[in-house]
Structures are given as C-alpha cells and as structure tokens.
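Here is how the chains run, residue by residue.
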Amino acid sequence: MSEKVKVGIIGCGVIANLTHGPEYERLKDQVEMVAACDIDPEALGSFCDRFHIEKRYSTIAEMLGDPEIEAVDVCLHNNMHAPVSIEAMRRGKDVYCEKPMAGSYVDALAMLEASKKYGRKLHIQLAQLYSAGTYTAKQLIDHGQLGHIYHMRSTGFRRRGRPFVDGYGKKEFVNSETSGGGALLDMGVYHISQLLYLTGNPKPLRFVGRTFQELDMDPERRRISGYNVEELITGMIDFEGGLSMDLIESWAMHLDNLECSSILGSKGGVRLDPFSYHYTEHDIVFNATIDEHDLNFRSETVHPERMLYRSSQGHWLGALRDKCPLLPTAEIALGTQMIQEGLYMSQDMGRQVTVEEVLAASVSKNTEVVGLYE
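Residues numbered from 1 in each chain as written. Predicted model: local features only at pLDDT ≥ 70, side-chain atom pairs only at ≥ 80, totals over all residues. Heavy atoms only, no water.

Colleague: Break down the pairing of strand β14 (residues 284-288) for me, with residues and values.
Modeller: One ladder, built from five bridges, connects strand β13 (residues 275-281) with β14; its direction is antiparallel. For tyrosine 277, the partnering residue across the bridge sits in β14 and is alanine 288. Linkage of β13 to β14, two consecutive antiparallel strands, is achieved through a turn of two residues, within which histidine 282 is found at a positive phi near 55 degrees. (Pairing = 2+ DSSP bridges. Helix = DSSP H or I, 4+ residues; strand = E, 2+ residues; numbered from the N terminus.)

Colleague: Which residues make up the packing of aromatic side chains, and what values go with them?
Modeller: Inspection of the entire model under this criterion finds five aromatic pairs. Pairing phenylalanine 47 with phenylalanine 51 gives two aromatic rings, centres 4.8 Å apart and planes at 50 degrees, and the pair type is tilted. Within this pair, phenylalanine 47 and its partner phenylalanine 51 are both found in helix α2 (residues 41-51), separated by four residues, close to a single helical turn. Aromatic pair tyrosine 277 and tyrosine 279: ring centres 4.6 Å apart, planes at 25 degrees, arrangement stacked. The exposure class of tyrosine 277 is buried, given its relative accessible area of 11%. An aromatic cluster of at least three residues, connected via ring pairs, comprises Tyr277, Tyr279 and Phe286. (Phe/Tyr/Trp six-rings, centres within 6.5 Å; stacked < 30°, edge-to-face > 60°. Buried < 20%, exposed > 50% of the residue type's maximum accessible area, 1.4 Å probe, protein only.)

Colleague: Give a description of the sheet that holds strand β1 (residues 5-10) that names residues and reports values.
Modeller: The six strands are arranged β3-β2-β1-β4-β5-β6 in an open sheet whose pairing can be described as parallel. The sheet terminates laterally at β3 (55-57) and β6 (122-124), the two strands that pair on one side only. Here the average twist between neighbouring strands, direction ignored, is 25 degrees. Where strand β5 (residues 94-97) lies against β6, three bridges are found, and the strand directions are parallel. Paired with tyrosine 96 across the two strands is histidine 123, which belongs to β6. Sheet contacts for α2: β1, β2 (31-37) and β3; angle to β3, the most-contacted strand, approximately 165 degrees. (Axes fitted to C-alpha atoms, helices over the stretch in contact; angles between N-to-C directions. Contact = heavy atoms within 4.5 Å.)

Colleague: Which residues make up the sheet that holds strand β8 (residues 204-212), and what values do they have?
Modeller: Across the sheet, which stays open at both edges, the nine strands sit in the order β14-β13-β12-β11-β7-β10-β9-β8-β15 with mixed pairing between neighbours. Strands with a single pairing partner mark the edges of an open sheet, and in this sheet they are β14 and β15 (353-354). When strand β11 (residues 262-265) meets strand β12 (residues 268-272), the two strands line up antiparallel, connected through three bridges. Bridge pairing links serine 262 to arginine 271 in β12. Seen against the sheet, helix α12 (residues 329-349) touches β8, β9 (232-239), β10 (244-250) and β15 and runs at an angle of roughly 60 degrees to β8.

Colleague: An account of unusual backbone geometry is needed here, citing residue identities and associated values.
Modeller: Glycine aside, the phi torsion of most residues is negative, and most peptide linkages are trans. Of the consecutive residues lysine 99 and proline 100, the connecting peptide bond is found in the cis state with omega at -15 degrees. Checked against the element boundaries, proline 100 lands in the loop between β5 and α5 (105-118). Omega for the bond connecting aspartate 273 with proline 274 falls within 30 degrees of zero, at 5 degrees, which places this linkage in the cis form. Tracing the sequence through the fold places proline 274 in the loop between β12 and β13. The phi dihedral of histidine 52 is positive, around 55 degrees, even though this residue is not glycine.

Colleague: Break down the nonpolar core for me, with residues and values.
Modeller: If you look at the biggest cluster of nonpolar residues, it comprises 71 residues, and the most contacted ones within it are Val72, Met101, Phe207, Ile263 and Val270. Sort the elements by how many residues they give to this core and α12 lands first, with nine residues. With residues near it in sequence (within four places) discarded, isoleucine 263 still touches Ile141, Leu146, Ile149, His151, Met152, Leu195, Leu198, Thr199, Gly268, Gly269 and Val270. (Core = buried A, V, L, I, M, F, W, Y, C linked by side-chain atoms within 4.5 Å.)

Colleague: Explain the side chain of serine 179 to me, and be specific about the residues and the numbers.
Modeller: Among the secondary structure elements, serine 179 is positioned in helix α7 (residues 176-179). Among the residues examined, serine 179 registers a relative accessible area of 5% and is labelled buried. Only 3.4 Å separates the side chain of serine 179 from the backbone oxygen of phenylalanine 173, close enough to count as a polar contact. Setting aside chain neighbours within four positions, we find serine 179 in contact with Asn78, Asn79, Glu172, Phe173, Val174, Leu185 and Val229. (Polar contact = N/O pair within 3.5 Å; in protein donor to acceptor, adjacent residues only side chain to side chain.)

Colleague: Run through the pattern of salt bridges, naming residues and quoting values.
Modeller: Evaluated as defined, the whole model comprises 23 salt bridges. Two residues, arginine 321 and glutamate 3, come together in a salt bridge whose shortest N-O distance is 2.9 Å. Placement of arginine 321 in the loop between α11 (312-320) and α12 and of glutamate 3 in the segment before β1 is noted, with a sequence separation of 318 residues between them. Under the relative-accessibility criterion, glutamate 3 is labelled exposed at 52%. We note a salt bridge from lysine 171 to glutamate 172, for which the minimum N-O separation is 3.2 Å. You can call lysine 171 partly exposed: its relative accessible area is 34%. Linked through salt bridges whose partners overlap, the residues forming this network are Arg153, Asp246, Glu259 and Arg271. (Salt bridge = Lys/Arg side-chain N within 4 Å of Asp/Glu carboxyl O.)

Scope: geometric values only; no functional claims are made or implied.
Shown next, in the form of structure tokens:
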C-alpha cells in the first residue's frame, strides 16, 4: 500500500459530510480521498466539490472497479452496510464501515466472515474506543487495579434528539426498513462497544429488554418518516463468568441528564465520560480524575505510538499502512450486534431470551443496493 492510503467514499450524505470527510482532511498526510459515489447527483457533487475529489461515480460497482482505490469508506444506511462491505472486500478493497456493523447479527457475522475469506481489513467506526477515558480505564484494568470486574452500566442520553422528527438527520434514521432500529443502534453501539472492549469482549448469555416510544412528535413528520423505532430502551445482559450489564439509551426523555457509563470491580470502579477512578486505600476512599490535556500531550511526545489510537479513522489508516495492528473492532461490533438483537428480541417476546435463541432467530435485514453489482 502507498504511503498515502487512496480511499473511495461510498455515500455522500450526513455522516460523510459531518465526520468522515473532515477527519480525512485532517489526516491528509496519511490519506487521499480519490473518489466518491452516490446515487444522488447533487449530494455527490456537493461533497466532491467541498473535499476536492475528482473521480465521481453514480454506481458502487463502477467505483469498486477503479484500481487506484485501495480502500473504501461505507457511509450508508445500516441495512446496506453488509452487502456493500462484503462486495467491496470480494473485489479486493479494505473496508471502513459506519456503525452499527449491520442491521442484524447474521448480516454482521457475514461481514466478519467475508473479511477472513478475502483477507481484507474490516474496521467498524466505534469512536469511543479512542477516548482518553477509554485509554485510562484500559490501563487500570490491564494492570489489575479494578480487580475482579463484575458489573457494567451502559448509558446514553439525549433530552430530545430523535432524528428527523426533532429536526436532525433524514427520515431513514427512524424507519426500521433502512435503519434496523432506533436509539440503541444509533447511540447504544458506542457505549456497549466501549464496555465490551474494556472487558475483553465477553460472551453474552441472556438478555432482557424493553423499548419505548412515548413522547409526542410532529404528526406530519411521523407520517412522512413512518417512525417505527424506539426513542428509549432499557435492558439487562448476563455474560459468562458472572459479569452483568444494565443499559439505558435515550433519544428523548423528560430528564436533564443521565450519569455516564461505568465499570465496577472488586478493587475499584471507573466512570468513562467524564473519566473518574474510585478506589479505597488504607481504608480511605479516593475519587480521582485525569488531566486529559497532559495525557494527550505526553501521548504525542513521550509515547508517540499512541497517536495511532487517537481516532477511529486515524487508527484504520495506521493499520493499513502497517504502522500498528488493527484493533478487533469487527469482533467487538459483532458482540455489540448480538446484545442489540437480544434486547429487541426480548421486547418482542415479552420475556428473557438466550444467546442460542438469538442465533437461531437472526435473519438478514439487508436491503437492495442499486448499482452494487457488475
């Protein structure tokens, strides 16, 4: 691979403009956006003009045939992630894919299996893995300072931030035909994956979940979007070894805030955003915080290798350029997908469900992608 990775962007909508394009621009010494693809000519033109991209494709199949493109960045709706990523890997491209990994567990599993079959690097956008809080918590956990970890809490909060009906994003975000789910798939993936990463991606066993859609919304926007996903979800998950997790994820709720995600161990506990470390020494209770500026400064000077773990896209580019091993984000995202599917299945069945039941019931939610195949 060349010193600068030559990347093609698939999908020029909200997320491509909001985060992917600007981050590649920031990392321009490592990457070159050589092409982009979108079925909407206006979106394609606007994105390419903004980021000075010359090659513009209206079909994915044509773009994947471009030999200059070494890797692709998939910025499409959830139920399109699997078919596009798998086809890209089949045609010899490494893949960076937006979260969640796919619309269902079986589709996410097919993506992971394809990466192994075709020998391609598959990286999922799990931004919280690169935060200062995650780095600090992992250092403490790896050095045994939390002791035996027995419980995790996954939380995400918006006071009122439902896509489209509250003014942000497109209607496809709130329709299960294209999104696969609501707050859990949109936001929960970040918090669940962060906890799974920190605890070694433990194997889940059982799930209990409840979903809610209770708050009023503009009736016309409800009609236009076909809003049929959850604005709030709660859940409990049991893992092998006695580890447990409770979860609450909100797009909209009548509260001013929620506490952040946390991990409890026999010797100490951590909150993750903002980070704090809680422990007892000599029968004295301590509550510690970090100097994030100092941590980042030292990582850029004394420990420059950590620069390869400061952002999701930066890490992926580093791995493609053989500067560091790729974090197992595909495996972590697959574990996250299992938890999400288990919680939804529990809601549908009105009872606790097991991982075996989820595996037996998971079906593909892939949607047709126009222009994907030759």
